[in-house]
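So the chains spell out like this:
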Amino acid sequence: MTPNRARTVFLLAHTGRPAAIRSAELVVKGLLRCDIGVRVLEEEARDIPLPEEVELVKEATPQCLDGCELLIVLGGDGTLLRGAEFARASGVPMLGVNLGSVGFLAEAERDDLDKVVDRVVSKAYEVEERMTVDVVVHRNGDIVHTDWALNEAAVQKAGAEKLLEVVLEIDGRPVTGFGCDGIVLSTPTGSTAYAFSAGGPVVWPEVEALLMVPISAHALFAKPLVTSPESVLAVEVLPHVSPGVLWCDGRRTVELPAGARVEVRRGAVPVRLARLHHASFTDRLVAKFALPVSGWRGAR
């Protein structure tokens with residue numbers, strides 16, 4: 001039976017990685033040593049050697065974070081986005097530790113585990129909110145699917161053989177139409193993910209905006225567009241073409257029949273992220289992409 005502790009942290013890890021298993025062991029032992037309770041999904045606990053006092057939960061629901069002050073996520077970008085699903089649904093802040101390659105959502109790296117535990121124990125972290133998008137799919141005037149995303153909603157062609165034919169719309173007015181591999185509808189947080197790979201701009205997280213970025217468009221005018229956060233972006237799949245697919249954060253997908261309309265707007269519920277330090281996004285960008293800055297002399 002789990003001891004009744006005043007504070008509890010939920011731990012989510014990519015247990016398919018040996019590094020995640022070792023990291024989870026270190027974090028759990030460090031928190032328990034400081035009398036902070038730890039809660040873990042039962043399915044993940046099978047792969048991690050855990051002390052008996054760790055609380056196990058069977059179902060991965062938002063309610064499994066009830067009473068937790070923090071969600072610690074150990075893994076790469078995919079695991080961090082999985083953690084964001086828990087964070088958004090529960091309102092619990094997420095603290096990401098990157099065990100992958102880039103990990104823009106992460107606040108710490110695997111070498112910082114001792115620091116992570118110390119900051120959690122002393123509550124030396126701040127919480128910021130990141131914009132999400134709400135996604136609605138219409139067909140013949142009816143709503144056929146709803147979803148959300150922290151990074152992006154991507155409308156893509158379903159197969160490799162044909163282009164996706166679309167018309168783009170902003171705030172109820174048509175902008176342009178063309179054949180393409182897809183369209184990325186992104187938040188500033190997602191500007192360094194799929195939208196970045198498609199040639200979109202890097203947008204600082206504190207900038208409130210929505211992005212519309214074409215993927216391999218067969219058109220003369222197919223520039224990335226940055227709109228107001230209050231805008232409504234829409235992509236219409238033309239009725240005479242092959243169906244497409246909708247991906248939200250690269251995790252949840254649904255088929256888009258010909259004639260489908262995808263609307264994206266600012267999400268009603270943000271994702272809360274725990275921050276350990278005040279490093280600027282510029283420094284984070286340079287570090288994550290190993291950008292060459294040698295020779296910089298600074299402002300006089």
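Just so it is clear, the structure is predicted and the values come from calculations on it, not from any experiment.

Caption draft 1: Highlighting the sheet that holds strand β12 (residues 173-180). Ordered by their spatial adjacency, six strands build an open sheet running β9-β8-β19-β16-β11-β12, and the pairing between neighbours is antiparallel. Strands with a single pairing partner mark the edges of an open sheet, and in this sheet they are β9 (142-149) and β12. Within this sheet the neighbouring strands show an average axis-to-axis angle of 20°, counted without direction. Direction of pairing for strand β8 (residues 133-139) relative to β9: antiparallel, over a ladder of seven bridges. Following the sheet pairing, Val-133 is matched in β9 by Ala-149.

Caption draft 2: Spatial organisation of the environment of Met-212. In this structure, Met-212 sits in strand β14 (residues 210-215). Taking the C-alpha atoms as reference points, Met-212 and Leu-168, separated by 44 residues in sequence, lie 9.0 Å from one another. In this structure, Met-212 is in contact with Leu-168, Glu-169, Ile-170, Ile-183, Val-184, Leu-185, Lys-223, Pro-224, Leu-225, Leu-233 and Ala-234, ignoring residues within four places of it in sequence.

Caption draft 3: Structural context of the packing of aromatic side chains. Per the counting criterion, the structure on display carries five aromatic pairs. Centroid distance Phe-104 to Phe-289: 5.4 Å. Interplanar angle 50°. Geometry classified as tilted. Placement of the pair is Phe-104 in the loop between β5 (94-98) and β6 (108-109) and Phe-289 in the segment after α6 (281-288), with a sequence separation of 185 residues. Overall, the relative accessible area of 11% leaves Phe-104 in the buried class. For Phe-289, a relative accessible area of 25% gives the class partly exposed.

Caption draft 4: Spatial organisation of the state of the cysteines. In total, this model carries zero disulfides according to the counting rule given. Cysteine Cys-34 is unpaired, with the sulfur of Cys-68 as its nearest cysteine sulfur at 17 Å. With no disulfide of its own, Cys-248 lies closest to Cys-180 among cysteine sulfurs, the gap being 17 Å. We classify Cys-248 as buried; its relative accessible area is 1%.

Caption draft 5: Representation of the UniProt feature "active site" (unreviewed entry) in the chain within the structure. UniProt records the feature "active site" (unreviewed entry) for Asp-77 in the present numbering. Inspection of the secondary structure assignment puts Asp-77 in helix α3 (residues 77-90). Every residue in contact with Asp-77, bar those within four places of it in the chain, is listed here: Val-102, Gly-103 and Phe-104.

Caption draft 6: Molecular detail of the pattern of salt bridges. The full count for this structure, using the stated rule, is 19 salt bridges. Where Glu-128 meets Arg-130, a salt bridge forms, and the shortest distance between an N and an O atom there is 2.7 Å. On the accessibility criterion, Arg-130 (8% relative accessible area) is buried. Two residues, Glu-128 and Arg-275, come together in a salt bridge whose shortest N-O distance is 3.7 Å. On the criterion of sequence distance, the pair formed by Glu-128 in strand β7 (residues 126-130) and Arg-275 in strand β20 (residues 271-275) is long-range, its members being 147 residues apart. A single salt-bridge network, built from bridges that share partners, covers Glu-107, Glu-128, Arg-130, Arg-275 and Arg-284.

Caption draft 7: The arrangement of unusual backbone geometry in detail. For Asn-140, which is not glycine, the phi dihedral falls at a positive 55°. Inspection of the secondary structure puts Asn-140 in the loop between β8 and β9. Its relative accessible area of 69% is what places Asn-140 among the exposed residues.

Caption draft 8: Spatial organisation of the nonpolar core. By size, the foremost hydrophobic cluster in this structure holds 29 residues, and its most contacted members are Leu-11, Leu-31, Leu-70, Ile-72, Leu-74 and Val-120. Counting residues per element, this core draws most heavily on helix α1 (residues 18-33), at six residues. Excluding residues within four positions of it along the chain, Leu-70 makes contact with Thr-8, Val-9, Phe-10, Val-92, Pro-93, Leu-95, Val-120, Tyr-125 and Ala-274. Counting residues in each nonpolar core, the second largest holds 28 residues, with Val-133, Val-137, Val-166 and Leu-210 among its members.

Conventions used here
Residues numbered from 1 in each chain as written. Predicted model: local features only at pLDDT ≥ 70, side-chain atom pairs only at ≥ 80, totals over all residues. Heavy atoms only, no water. Pairing = 2+ DSSP bridges. Helix = DSSP H or I, 4+ residues; strand = E, 2+ residues; numbered from the N terminus. Axes fitted to C-alpha atoms, helices over the stretch in contact; angles between N-to-C directions. Contact = heavy atoms within 4.5 Å. Phe/Tyr/Trp six-rings, centres within 6.5 Å; stacked < 30°, edge-to-face > 60°. Buried < 20%, exposed > 50% of the residue type's maximum accessible area, 1.4 Å probe, protein only. Disulfide = S-S within 2.5 Å. UniProt positions renumbered as here; feature names shortened; annotations may be inferred. Salt bridge = Lys/Arg side-chain N within 4 Å of Asp/Glu carboxyl O. Core = buried A, V, L, I, M, F, W, Y, C linked by side-chain atoms within 4.5 Å.

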